[in-house]
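Summary of structural features
Take a look at the letters that make up each chain.
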Amino acid sequence: GAGGFYRTGFQNFFVHAANPNYSDVDGVLFDKSEETLILFPGARNTTYSIPQGTLTIGTYSFYGSQLQSLVIPTTVTAIGDSGLEEAAISNLTFTSPSSVATIGDYAFAYLYSLSTIEIPASVHTIGEAAFDTANDVVFAPGSALREIPVYAFYGADFAEFTIPPSVTAIGEGAFEDSSLTTIEIPASVISIGTTAFAGAGNLAELKFSETSSLVEI
């Protein structure tokens, strides 16, 4: 898999035109249809705009890469597990109107150089530990997010966080060991998992909406 090339010195990938399964676009590895980005050369320290027409950012595709800036086009609908995990990226842009609907497990985990991750309203599903240790995460107005899954923001370094009013469930350990100081639970939330806020030692204020639907903690 793509993870097998973690922290290698590749600057480019070259695929023979007759290869039935893979292709390269400007030195980046894609599937033959060029709809799935499989692997970005890990040692390329640059700005990269994913080609329009790409549908999927594959599992481990930018894992641990030295990429500095990434532009995601309107055609991308899914970001795979560990898609950008541990990348050196400091700037991330979703081209509007974004079509990204799903973000996989650990997709944006351990991005220490990225100060803020702005998630488009189109995203309805995020995976386990998707934003582990994130510095800041903001969901766009009108967010379609349905659930904050287990360990989604484990160890996150933000003091405040706005849960989109579309969210109905907060999973186990979702904000565990984070730096939260205050958070408001919207009326839409029905359940909060065990240890959701465990270890968040700075959390001084937890607000519930007057019309809260909460039935399970």
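Anything mentioned here points back to the structure above.
Predicted model, so just to flag it, every value in this text is computed and none were measured.

1. Topic: the pattern of salt bridges
- A full pass over the atoms with the stated rule returns one salt bridge.
- Across the pair Lys207 and Glu205 runs a salt bridge, and its minimum N-O distance is 3.9 Å.
- For Glu205, a relative accessible area of 38% puts it in the partly exposed group.

2. Some remarks on the pairing of strand E8 (residues 91-94)
- Only one face of E8 is buried, namely the one carrying Leu92 and Phe94, since none of Asn91 and Thr93 on the opposite face is buried.
- Here strand E6 (residues 69-72) runs beside E8; their pairing, made up of four bridges, is parallel. The residue bridging Ser69 from the neighbouring strand is Asn91, located in E8.

3. With respect to the side chain of Thr182
- Within the fold, Thr182 resides in strand E16 (residues 182-185).
- Overall, the relative accessible area of 18% leaves Thr182 in the buried class.
- A polar atom in the side chain of Thr182 sits 3.3 Å from the side chain of Glu205.
- Setting aside anything within four residues of it in sequence, one finds Thr182 in contact with Ala159, Glu160, Phe161, Leu203, Glu205 and Lys207.

4. Digging into the nonpolar core
- In terms of nonpolar packing, the biggest core is built from 53 residues, with Ile103, Phe108, Phe131, Phe153, Phe161 and Phe175 touching the most fellow members.
- Broken down by secondary-structure element, the contributors of at least two residues to this core are strand E2 (28-31), E6, E8, strand E10 (117-119), strand E12 (137-139) and E16.
- Contacts of Phe153, omitting those with residues within four sequence positions, involve Ile126, Phe131, Val137, Phe139, Ile148, Phe158, Phe161, Ala174, Phe175, Glu176 and Ser178.

5. A look at the pairing of E6
- Note: strand E4 (residues 47-49) against E6, three bridges, orientation parallel. Residue pairing for E6: Tyr48 is matched across the bridge by Leu70.

6. Some words on the environment of Asn12
- Inspection of the secondary structure puts Asn12 in the segment before strand E1 (22-25).
- Residues in contact with Asn12, not counting those within four places in the same chain, are Asp26, Gly27, Pro41 and Arg44.
- Here the side chain of Asn12 touches Arg44 through a polar contact of 2.7 Å, side chain to side chain.

Conventions we followed
Residues numbered from 1 in each chain as written. Predicted model: local features only at pLDDT ≥ 70, side-chain atom pairs only at ≥ 80, totals over all residues. Heavy atoms only, no water. Salt bridge = Lys/Arg side-chain N within 4 Å of Asp/Glu carboxyl O. Buried < 20%, exposed > 50% of the residue type's maximum accessible area, 1.4 Å probe, protein only. Helix = DSSP H or I, 4+ residues; strand = E, 2+ residues; numbered from the N terminus. Pairing = 2+ DSSP bridges. Polar contact = N/O pair within 3.5 Å; in protein donor to acceptor, adjacent residues only side chain to side chain. Contact = heavy atoms within 4.5 Å. Core = buried A, V, L, I, M, F, W, Y, C linked by side-chain atoms within 4.5 Å.

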